Amino acid sequence: MSNIYSAIKISDHVYWVGAIDWTIRDFHGYTTPRGSTYNAYLIMADKITLIDTVKAPFKDEMLSRISSVVDPSKIKYIISNHSEMDHSGCLPEVIDMIKPEKVFASAIGVKTLKELFHNEHEIIPVADGERLSLGNMELTFMETRMIHWPDSMFSYLAKDELLFSQDAFGMHLASLERFTDEIPQATLEYEAATYYANIVLPYSAVVLKALDKVSATGWKINIIAPDHGTVWRKDLGKILELYSKWAGQKPTVKAVVVYATMWHSTEKMAGAISEALAGEGIKVRLLSMNETHRSEVVYEVLNAGALIVGSSTLNNNILPQMADVMTYLKGLKPANLIGAAFGSYGWSGESVRHLEEMLKEMKVEIAAPSVSTKHVPDTAVLAKCQELGKTIAASLLKRINDTR
Amino acid sequence: MTKYVCGVCGYVYDPDKGDDDGGIPAGTSFEKLPDDWACPVCGASKDEFSPE
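Residues numbered from 1 in each chain as written. Chains lettered and ligands numbered in written order. Predicted model: local features only at pLDDT ≥ 70, side-chain atom pairs only at ≥ 80, totals over all residues. Heavy atoms only, no water.

## Observations concerning the packing of aromatic side chains
According to the stated counting rule, one finds 17 aromatic pairs over all chains in the structure shown. Judged by centre distance (5.5 Å) and plane angle (35 degrees), the ring pair of Phe30 of chain B and Phe49 of chain B falls under tilted. Note that Phe30 of chain B is positioned in the loop between β2 (12–13) and β3 (49–51) and Phe49 of chain B in strand β3, a separation of 19 residues in sequence. For the pair shown, Phe30 of chain B and Phe49 of chain B are each scored as buried. Ring pairing ties together the aromatic residues Tyr4, Tyr11, Tyr13, Phe30, Trp37 and Phe49 of chain B, which thus form one cluster. Here Lys55 of chain A stacks its cationic end above the ring of Phe27 of chain A, 5.8 Å away from the centre of that ring. One residue, Lys46 of chain B, lies across the ring of Phe30 of chain B, its end atom 5.2 Å from the ring centre. (Phe/Tyr/Trp six-rings, centres within 6.5 Å; stacked < 30°, edge-to-face > 60°. Helix = DSSP H or I, 4+ residues; strand = E, 2+ residues; numbered from the N terminus. Buried < 20%, exposed > 50% of the residue type's maximum accessible area, 1.4 Å probe, protein only. Lys NZ or Arg CZ within 6 Å of the ring centre and 35° of its normal.)

Spelled out as structure tokens, the structure:
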């Protein structure tokens, strides 16, 4: 059978040899409407080196792409920058098949790979700042713990001025184009932001430190090769600037109103709040959890200054769709938000109190009194909702002014 | 007072600074942290920490 898969050259000595997953739509709870890629890279040095591997079912695609450049058994070193299974799933099989001289990972990566695969393969730990000679060129490693797993590290190839950044600067985007400059700008920024919001956001403080750490090395970087999506070879300042902005989490004049409704009462309240916010000059995203995916919500929250949440009371609780998104948001730790809660109920009305408690746990500053109503909101209740919107707007505008 | 390092993510607990997000005031020694205190970066428990 002829080989339908080819490697793509991304620099003088490096080829992309990853796999394209056109059909994946759910990445552990993060929806990926454009699919993804699992990127592996081949360095054609004296010691031919493979950087990361791919998700287990895509092993043959990766090996086919490698074969279009070199016989895979010629690979001497494998580096695992990130142990998560979308980048290591086929590692044990690949080691058995090509029998490389050595396999390297960070110290925590070594432990993690052992915990994942429970096999006897020897993985050699490399330290932060350690260099590895590939003969005619060398790699330098940098630990990037918690971007976004404890084992994560970058590898830098000075010869090609290329940074292998594992999941950082990546995006879930299946494409036959291999470079970001071949993708429409709007798609790129949306997918990079969604990826940041859904994967990297909780570790924003670590991201800021890592950006400083990279710039302190003095490495000349012309190409950033992440583990998902396309390779950055132009305008690198742009993605670094965006990471710095997203990690900074400065509030903007934007409020996200998220709600779930049973009989449209909570929905009417959400509408009144949103209209009032907009009337005060706030950009509003109104999202019903009956229709919206949690990934979309965190994307919208990424650059927001206020988060206002509403739910009907169902069986003394919040609606399950709201519990879903609140759990997801709490884990992703968006920072510097103000907020409030609202909702309708039939007899007991616990939902608003529960939502307010959840906001507090998320360190969202409650900036307006909550509004709850029995059954359908009347004019007086809707006026209270408008008041809530106005109060939040004033508080947000003041905050933004104060941080200028 | 001794600083403690998280064995998972490398975060350093500095008693002189405390942990604002976790509601721990400056001047709290590592030993005085509540048992359910967790690393503010990765969520690891207290027993993952060792003296710097």
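## Structural notes on the sheet that holds strand β10 (residues 102–106) of chain A
Residue and element names in this part refer to chain A. Read from one edge to the other, the open sheet built from 7 strands follows the order β1-β2-β7-β8-β9-β10-β11, with strand pairing classed as mixed. The sheet terminates laterally at β1 (8–9) and β11 (124–126), the two strands that pair on one side only. Where β1 and strand β2 (residues 14–16) come together, 2 bridges link them in antiparallel fashion. Note on β2: the bridge partner recorded for Ile8 is Trp16. Packing against the sheet, helix α4 (residues 107–117) makes contact with β9 (77–80), β10 and β11, and its axis sits at approximately 110 degrees to β10. (Pairing = 2+ DSSP bridges. Contact = heavy atoms within 4.5 Å. Axes fitted to C-alpha atoms, helices over the stretch in contact; angles between N-to-C directions.)

## Focus on the domain arrangement of chain A
Many structure descriptions define interface size as the accessible area lost when the parts assemble. All names here are of chain A. Entries for chain A in the domain assignment read domain 1 (8–248) and domain 2 (254–395). Computed from C-alpha atoms alone, the centre-to-centre distance between domain 1 and domain 2 is 38 Å. At the interface, 13 residues of domain 1 touch 13 residues of domain 2. Here domain 1 is connected to domain 2 by 5 residue pairs in polar contact (both at pLDDT 80 or more). Looking at the side of domain 1 that touches domain 2, the elements that each hand over two or more residues are β5 (30–31), α5 (185–200) and α7 (236–248). In terms of residue class, the side of domain 1 that touches domain 2 is built from 8 nonpolar, 5 polar and no charged. (Domains from an automatic or database assignment. Polar contact = N/O pair within 3.5 Å; in protein donor to acceptor, adjacent residues only side chain to side chain. Nonpolar A, V, L, I, M, F, W, Y, C, P; charged D, E, K, R; others polar.)

## Observations regarding the pattern of salt bridges
Residues and elements named next belong to chain A. Enumeration over the complete set of coordinates arrives at 18 salt bridges over all chains. Where Glu191 meets Arg34, a salt bridge forms, and the shortest distance between an N and an O atom there is 2.6 Å. Remark: Arg34 occurs in the loop between β5 and β6 (36–38) and Glu191 occurs in helix α5; sequence separation between them is 157 residues. Taking relative accessible area as the criterion, Arg34 reaches 35% and is therefore assigned partly exposed. (Salt bridge = Lys/Arg side-chain N within 4 Å of Asp/Glu carboxyl O.)

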